Amino acid sequence: PGFAVAVLVLAVACDGNVSCPAGMFSSDSYPPCRMCPGDVSLPFHEAVDGTDLTNCTGSPALADILLLPGAWRASPNTSVVYKCIVAESDGYSPCKGGSDFGDYCAAGHDGPLCELCKDPGMYMDDKSGRCRDCPSLAFVFLQLGLILLAIGAVVA
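Just so you know, the residues in each chain are numbered from 1, in the order the chain's sequence is written. Local features are withheld for residues below a pLDDT of 70 in this predicted model, meaning they are given only at 70 or higher, and side-chain atom pairs are given and counted only at 80 or more; totals for whole chains, interfaces and linings count all residues. Heavy atoms throughout the structure, all of them, feed into the side-chain values; hydrogens and water do not.

1. Let's talk about the pattern of salt bridges
Close approach of charged atoms allows side chains with opposite charge to pair.
Piece 1. Salt bridge, as applied in this entry: a Lys or Arg side-chain nitrogen positioned within 4 Å of an Asp or Glu carboxyl oxygen. Counted according to the given criterion, the structure contains three salt bridges.
Piece 2. We note a salt bridge from Lys96 to Asp103, for which the minimum N-O separation is 3.1 Å.
Piece 3. For Lys96, a relative accessible area of 39% puts it in the partly exposed group.
Piece 4. When its relative accessible area of 36% is taken as the criterion, Asp103 is described as partly exposed.
Piece 5. Put simply, Arg132 and Asp125 hold a salt bridge, and the shortest N to O gap is 3.6 Å. When accessible area is computed with a 1.4 Å probe and restricted to protein chains, residues below 20% of their type maximum are described as buried, those above 50% as exposed, and intermediate ones as partly exposed.

Right, dumping it as structure tokens:
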């Protein structure tokens with residue numbers, strides 16, 4: 001009797017059409033139902049402020065898990081979900097979420113945690129989460145000159 005139950009469980013696990021309880025996603029491997037990233041039982045995948053990073057309504061397959069805004073993952077085949085920068089001032093995040101792996105980042109952003117700017121003349125402002133224009137060379141030299149003048153005034 002125990003052997004028959006184990007065979008039945010493995011047969012269900014290999015079938016991709018498993019209906020899982022709320023808060024779980026269906027998996028092609030054993031066990032067939034796994035906890036969704038961001039669930040309270042997986043604190044590593046939960047945002048620091050306690051908010052979930054994913055929405056697993058309807059027990060989706062791993063590749064179809066909906067990432068909430070402010071979340072990013074390296075591939076549609078990983079359950080490891082990371083929290084992105086979220087601006088305190090207005091809640092903007094370069095990670096727009098969704099379930100389309102190639103479209104997790106907001107316009108102009110790319111790379112891990114959407115922290116790279118596609119335009120080489122821009123940098124990622126880690127306070128606002130937005131890509132900003134790099135300062136001009138003239139502005140950098142002006143600041144350097146003012147710093148040298150201030151040091152000269154203190155030394156003299």
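2. Some details on the environment of Glu88
Piece 1. As for its position among the elements, Glu88 is in the loop between strand S6 (82–83) and strand S7 (109–110).
Piece 2. For Glu88, a relative accessible area of 83% puts it in the exposed group.
Piece 3. Here the alpha-carbon distance between Glu88 and Gly129, two residues 41 residues apart in the chain, equals 9.6 Å. Helix and strand definitions here come from DSSP, where helices need a minimum of 4 consecutive H or I residues and strands a minimum of 2 consecutive E residues; each element is numbered from the N-terminal end.

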